[in-house]
Amino acid sequence: MTTTLDTEQLVEDLHTMLDMVRWSVSCFNQAGLFYGHGSDNPWDEAVSLVLQVLYLPQDLPAQTGDQLFHSRLTKVEKLNIVELVGRRVEERMPLPYLTNQAWFCGLPFYVDERVLIPRSPFAELIKDEFEPWIGDESPQKILDLCTGGGCIAIALAYAFENAQVDAVDISTDALEVADLNIAEHGLSHRVLPIQSDLMNALQGQQYDLIISNPPYVDEEDMGDLPEEFHHEPELALAAGHDGLDLVDNILRQAPSHLTDNGWLFVEVGNSEVHMHTRYPDLPIQWIKFENGGHGVFAISKNELVEYYKAVEH
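Predicted model, so just to flag it, every value in this text is computed and none were measured. (Residues numbered from 1 in each chain as written. Predicted model: local features only at pLDDT ≥ 70, side-chain atom pairs only at ≥ 80, totals over all residues. Heavy atoms only, no water.)

K.L.:
I keep staring at the overall build of the protein chain and nothing clicks. Help me out?
P.N.:
A count of helical and extended segments in the protein chain gives 13 helices and 9 strands. Relative to a compact globule of 313 residues, whose C-alpha radius of gyration would be 20 Å, the protein chain shows 22 Å and is just as compact. Principal-axis analysis of the C-alpha atoms places the extent of the protein chain at approximately 75 × 40 × 35 Å. Per-residue burial over the protein chain gives 52% buried out of 313 residues. Here the analysis covers contacts within the protein chain between residues at least 6 apart in sequence; of these, 69% occur between residues at least 24 apart. (Helix = DSSP H or I, 4+ residues; strand = E, 2+ residues; numbered from the N terminus. Rg over C-alpha atoms; globule rule 2.2 N^0.38 Å. Buried < 20%, exposed > 50% of the residue type's maximum accessible area, 1.4 Å probe, protein only. Contact = heavy atoms within 4.5 Å.)

In structure tokens form, the structure reads like this:
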């Protein structure tokens, strides 16, 4: 994006944090970037980038932020920001991959191209502790199926302080990232990464709560994804013609892995429309989110058992 001469001129012309943010926004707008990996607009993306380069918290108090935005930067700081903006524009690389940091449920996580960048509406359910579905009894054993980098599993462990959480994924690469995050959060005693093709390696295990954010992007949407998404592992996105290749197995396996009062929550995103076609009689509850998001359903063990009894007879 910039030649050496351009970079030198930028470093000479731009002085404050606000200068760097304003310039970054202009670069992002000119390049027509896509947002959706932590921010949804160029201003927030630029602010996040600058704060991360400067090792400053993302949630600065308003007054502090106003003062800091007018502070002057060192030459090295400006060079680092210019380099990162250049990569964001030229490579169409999502910002969390450039900085190896993402946030979920207000918690920081390490991410790289072995895992999806967390952005699930499950965050709202976790903060609400899955009320009203699970009632007064806090879950003691939880399964995060298709855990990726372990963000949902770790957030669940924070929300339910007495629970054991199994973090399951088919990808050993993803589980390496999950293991890093589990250790970083000091939760190795309560969050266990397990390599398994869905629940195949979990014989005999039962859970009060099963959460799954599996691959669910259908064939049509995969073809239309912006370039930024192609940096993410296809294994964690694509799920066949209607996006539900894994969901059928999850639904069939869940009853034997849920406790009597257990609940299953699954995210299917835009493939929600295909759920109505494939499972017209499945008594699922679609979650309504206050903070945005869609395509997550809930169903109890008892409802699943009764459904399959009816289907198989």
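Picking up where we left off.
K.L.:
In this structure, what is going on with the sheet that holds strand S8 (residues 285-286)? I would like to understand it.
P.N.:
Picture the strands of a sheet paired through backbone hydrogen bonds; they go either parallel or antiparallel. One open sheet holds the 7 strands; their spatial order is S5-S4-S3-S6-S7-S9-S8, and the pairing between them is mixed. Taken across any chain shown, the strands that pair with only one partner, and hence form the sheet edges, are strand S5 (191-195) and S8. Two strands pair when backbone bridges link them, and strand S4 (residues 164-169) and S5 are joined in this way by 5 bridges, in the parallel orientation. Counterpart to Asp-166 in the pairing with S5 is Leu-192. Packing of helix H9 (residues 172-184) onto the sheet brings it into contact with S4 and S5, and relative to S5 it is tilted by some 170 degrees. Across the sheet, helix H11 (residues 247-257) lies against strand S3 (141-145), strand S6 (207-212), strand S7 (258-267) and strand S9 (296-300), angled at about 155 degrees from S7, the strand it touches most. (Pairing = 2+ DSSP bridges. Axes fitted to C-alpha atoms, helices over the stretch in contact; angles between N-to-C directions.)

K.L.:
Can you help me understand the nonpolar core in this one?
P.N.:
Most often, soluble globular proteins keep nonpolar side chains buried together rather than apart. Residues Met-20, Trp-23, Phe-28, Leu-49, Val-50, Ile-81 and Val-85 are the most contacted members of the largest nonpolar core, which totals 36 residues. Only helix H2 (17-31), helix H3 (42-53), helix H5 (75-91), helix H6 (95-99) and H9 provide two or more residues apiece to this core. Looking at this core, the element that brings in the most residues is H2, giving 8 residues. Judged by nonpolar contacts, the second largest core, of 35 residues, contains Phe-104, Ala-153, Ala-163 and Ile-182. (Core = buried A, V, L, I, M, F, W, Y, C linked by side-chain atoms within 4.5 Å.)

K.L.:
Explain the pairing of S7 here, please?
P.N.:
Remark: a regular strand shows side chains that alternate across the two faces of the sheet. In terms of residue burial, S7 counts as a mostly covered element, since 7 of its 10 residues are buried. As paired elements, S6 and S7 share 5 bridges and run parallel to each other. Within the sheet, the bridge partner assigned to Tyr-207 lies in S7 and is Leu-258. Relative to S9, S7 runs antiparallel, the two being bridged by 5 bridges. Within the sheet, the bridge partner assigned to Glu-267 lies in S9 and is Val-296.

K.L.:
Help me understand the packing of H2 against H3, please; the structure alone is not making it clear to me.
P.N.:
Helix-helix packing is characterised by the crossing angle of the two axes and by the distance between the axes. Remark: H2 packs on H3, axes separated minimally by 9 Å, with the N-to-C direction vectors making an angle of 130 degrees. Considered as vectors, H2 and H3 are oriented oblique to each other. Between H2 and H3 lies a crossing whose hand is right-handed. Contact residues: H2 offers Met-17, Leu-18, Met-20, Val-21, Ser-24, Val-25, Phe-28 and Asn-29, while H3 offers Pro-42, Trp-43, Glu-45, Ala-46, Val-47, Leu-49, Val-50 and Leu-51. A breakdown of the residues in the contact of H2 with H3 according to their chemical character gives 13 nonpolar, 2 polar and 1 charged. (Parallel < 35°, antiparallel > 145°, perpendicular 65-115°, else oblique. Left-handed = near helix turned anticlockwise from the far one by under 90°. Nonpolar A, V, L, I, M, F, W, Y, C, P; charged D, E, K, R; others polar.)

K.L.:
In this structure, what is going on with the pattern of salt bridges? I would like to understand it.
P.N.:
Should their charged atoms come close, side chains of opposite charge can pair. A complete count under the given rule lists 8 salt bridges for this structure. Of the charged contacts in the structure, one is a salt bridge between Arg-87 and Glu-91, with a shortest N-O distance of 2.9 Å. Within this pair, Arg-87 and its partner Glu-91 are both found in helix H5, separated by 4 residues, close to a single helical turn. Taking the shortest distance from any N to any O, the salt bridge between Asp-260 and Lys-301 comes out at 3.9 Å. With Asp-260 in strand S7 and Lys-301 in helix H13 (residues 301-312), the pair connects residues that are 41 residues apart, well separated along the chain. According to the relative accessible area criterion, Lys-301 is buried, its value standing at 12%. Members of the salt-bridge network, linked through shared partners, are Glu-45, Arg-88 and Glu-228. (Salt bridge = Lys/Arg side-chain N within 4 Å of Asp/Glu carboxyl O.)

K.L.:
It is not clear to me how the side chain of Arg-190 should be interpreted in this structure. Could you clarify?
P.N.:
With respect to the secondary-structure elements, Arg-190 resides in the loop between H9 and S5. A polar contact of 2.8 Å, which involves the side chain of Arg-190, links it to the backbone oxygen of Ala-157. Discounting residues that sit within four places of it in the chain, Arg-190 has contacts with Ala-157, Tyr-158, Phe-160, Glu-161, Asn-162, Ala-163, Gln-164 and Val-165. (Polar contact = N/O pair within 3.5 Å; in protein donor to acceptor, adjacent residues only side chain to side chain.)

K.L.:
Where do I start with the packing of aromatic side chains in this structure?
P.N.:
The geometry of an aromatic ring pair comes down to the distance between the two centres and the angle between the two planes. All told, the structure shown has 7 aromatic pairs when counted by the stated rule. Arranged with centres 5.0 Å apart and planes meeting at 75 degrees, the rings of Tyr-307 and Tyr-308 form a pair that is edge-to-face. An aromatic cluster is defined as three or more aromatic residues linked by ring pairs; in this entry it consists of Phe-130, Trp-133, Phe-160, Trp-263 and Phe-265. (Phe/Tyr/Trp six-rings, centres within 6.5 Å; stacked < 30°, edge-to-face > 60°.)

K.L.:
Would you take a moment to explain the side chain of Ser-196 for this structure?
P.N.:
Looking at the element boundaries, Ser-196 is found in the loop between S5 and S6. Accessibility expressed as a relative area gives 2% for Ser-196, which makes it buried. A distance of 3.0 Å separates a polar atom in the side chain of Ser-196 from the backbone nitrogen of Ala-201. Among residues more than four places away in sequence, those in contact with Ser-196 are Val-168, Asp-169, Ile-170 and Ala-201.

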